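# Overview (structure and organization)
As a plain string of letters, each chain reads:
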Amino acid sequence: WLRQHEYVEKLNMHGILSASAGQEQLLTELLVTYGKIPVLIGELISVEIWKHKVFPVLCRLKDFKPRSTFPIYVVLHHEASIINLLETVFFYKEICESAEDSILDLIDYCHRKLILLAARSASGQAAVLVPPQELQKQAETMEFEISLKALSVLRFITDQVESLPLSALTRMLNTHNLPCLLVELVEHCPWSCWEAGKLKKFENGTWHVVPPEDQVKMTKLDGQVWLALLNLLLSPECQRKYRFDGFNKSQLLKLRVFLTDVLIDQLPNLMEMQRFLSHLAVTEPAPPKKDLVLEQVPVIWDHILKKNSGKWEAIAKHQVKHAFSPTEEELKLQARRWAQTYSLDMMEALAPDKPRCRVCGVEAAKRCSRCRNEWYCTRACQVQHWQKHKPACNLMA
């Protein structure tokens, strides 16, 4: 499993680097050719079930006293790595099509994550999923970020409504009523909040204060919600299938107050949405035609639950003994493998800012060859800093 995680993490990093260089086509072709998208979706749902079913039981066991919590963190992080990789590649139509029947499972997964987002905005905090105190804050932050990635994946799925299976459309529109859930996200906007009289928004993995002049500026996350709504409400096929009953109609009409001139200037496509809502307000759309007799249903979630029903405690006990209680030697071996996976060179390639000289602060191209931790612009700066750097360098090297 650790080897599988290493492969997923390396693919994730490679996907981010390729996307930043506009060269992710090779990665998407390989994922499609080898049929790996359904595998990734299955793995994603497996970790999600583990978090809900096994982990709480595992933490209640009396003999659960891990020497290090990092192996558990790796499992929690596995879900984030997979959803990040899917977000990177689901922009492409062929990736969406290669998911085949597992697209239904992915839609269900995204729906569960959006419900978590909506619940967070309603209560002001995320549900606590992870009991150990040292992991609790990390897990809450991670769950929030995973949910935001799931929102992006869902928007990419809605981009392909024309080529999705009929069951996928029915599931999004009627089983889960995603348009109304997206309206809830527009209303409460869980990625922004007021704190001490200042507006804060969550972007690029961190919360930051928004200056007054940028407060009406649309964020990437706002855009994802509006684009998903455009795809689901303005597509003729979706309009034919969606139930525009009294409740759904009243929820959708709430969007009109948010469609200001400032917002439409930033996303001109919303003009079409404004016209559609104005028309909806004064008409009674025809009820959807019931033309689907047999409907596909997602199977991965139910299959895993049925297969392991009543076994969660036994699985937890087994994992405490064989996975989460490594010896000192095993822990060192795992640490070396993780160090290779999360290599400094790869991390630095992902960093938006170039390294700076430790002495003078200008852009640096040379680094300490022993610890590979400090950067310098010239040999002279390195020599000047050596007496200060020497103790830390000896420790790390």
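Below, the structure is looked at part by part. Computed from a prediction, not measured in an experiment: that's the story for all the values here.

## Thoughts on the pairing of strand S2 (residues 198–203)
- Relative to S2, strand S1 (residues 192–195) runs antiparallel, the two being bridged by four bridges. Counted as the bridge partner of glutamate 195 is lysine 198 from S2.
- Turn length for the S1-S2 hairpin, with the two strands adjacent in sequence and antiparallel, is two residues, and the turn residue alanine 196 shows positive phi of about 55 degrees.
- Taken together, the four bridges between S2 and strand S3 (residues 206–209) define a ladder with antiparallel strand orientation. Bridge assignment links lysine 201 to a residue of S3, and that residue is histidine 208.
- Hairpin geometry of S2 and S3 is characterised by an intervening segment of two residues between the two adjacent antiparallel strands and by a positive phi of about 55 degrees at asparagine 204.

## Details of the environment of isoleucine 41
- Counting through the fold element by element, isoleucine 41 comes out in helix H3 (residues 37–60).
- Since its relative accessible area comes to 0%, isoleucine 41 is described here as buried.
- Along the chain, isoleucine 41 and asparagine 394 lie 353 residues apart, while their C-alpha atoms are 44 Å from each other.
- Isoleucine 41 has contacts with Leu86, Ala99, Ser102, Asp105, Leu106 and Ile300, leaving out every residue within four places of it along the chain.

## Notes on the sheet that holds S1
- Strand order in the open sheet formed by three strands is S1-S2-S3, and the pairing between neighbours is antiparallel. Strands at the two margins of the open sheet, each flanked by one partner only, are S1 and S3. Each neighbouring strand pair of the sheet contributes to a mean axis angle of 30 degrees, computed without reference to strand direction.

## Regarding the environment of asparagine 204
- You can see asparagine 204 is positioned in the loop between S2 and S3.
- Along the primary structure asparagine 204 and glutamate 145 are separated by 59 residues, whereas in three dimensions their C-alpha atoms are 9.7 Å apart.

## Some thoughts on unusual backbone geometry
- A positive phi angle is found at glutamate 100, which is not glycine, with a value near 55 degrees.
- If you trace the backbone, glutamate 100 turns up in the loop between helix H5 (93–98) and helix H6 (103–123).
- Residue asparagine 177 is not a glycine yet carries a positive backbone phi of 50 degrees.
- Residue position: asparagine 177 is located in the loop between helix H8 (166–175) and helix H9 (178–188).
- By relative accessible area, which is 18% here, asparagine 177 ends up buried.

## Some details on a nonpolar patch on the surface
- Taken together, Leu26, Leu30 and Tyr34 make up a surface patch of nonpolar side chains, about 350 Å² in accessible area.
- Position of tyrosine 34 among the secondary structure elements: in the loop between helix H2 (25–33) and H3.
- The exposure class of tyrosine 34 is exposed, given its relative accessible area of 59%.

## A few points about the packing of helix H4 (residues 70–89) against helix H17 (residues 328–341)
- Two numbers describe how H4 lies on H17: the axes approach to 11 Å, and their chain directions differ by 40 degrees. Relative to H17, the element H4 is oriented oblique. Residues Phe70, Pro71 and Val74 of H4 form the contact with H17, whose own contacting residues are Leu331, Gln334 and Trp338.
- Split into classes, the residues belonging to the contact of H4 with H17 amount to five nonpolar, one polar and no charged.

## A word on the pattern of salt bridges
- Summed over the entire model, instances satisfying the criterion amount to 17 salt bridges.
- A salt bridge links glutamate 195 to lysine 200; the shortest N-O distance between them is 3.4 Å.
- Residue classification places glutamate 195 among the partly exposed residues on the basis of a relative accessible area of 45%.
- Glutamate 284 is the salt-bridge partner of lysine 249, the closest N and O atoms lying 3.2 Å from each other. Here glutamate 284 lies in the loop between helix H14 (270–282) and helix H15 (300–308) and lysine 249 lies in helix H12 (residues 246–253), a separation of 35 residues in the sequence.
- Judged by relative accessible area, lysine 249 falls into the buried class, the value being 10%.
- We classify glutamate 284 as exposed; its relative accessible area is 67%.
- Each of Lys51, Glu79, Lys113 and Glu143 takes part in one network of salt bridges that share partners.

What counts, and at which threshold
Residues numbered from 1 in each chain as written. Predicted model: local features only at pLDDT ≥ 70, side-chain atom pairs only at ≥ 80, totals over all residues. Heavy atoms only, no water. Pairing = 2+ DSSP bridges. Helix = DSSP H or I, 4+ residues; strand = E, 2+ residues; numbered from the N terminus. Buried < 20%, exposed > 50% of the residue type's maximum accessible area, 1.4 Å probe, protein only. Contact = heavy atoms within 4.5 Å. Axes fitted to C-alpha atoms, helices over the stretch in contact; angles between N-to-C directions. Patch = residues over 30% accessible without salt bridge, like charges linked within 9 Å, V, L, I, M, F, W, Y side chains within 5 Å. Areas by Shrake-Rupley, 256 points an atom, 1.4 Å probe, with all protein chains shown as cover. Salt bridge = Lys/Arg side-chain N within 4 Å of Asp/Glu carboxyl O. Parallel < 35°, antiparallel > 145°, perpendicular 65-115°, else oblique. Nonpolar A, V, L, I, M, F, W, Y, C, P; charged D, E, K, R; others polar.

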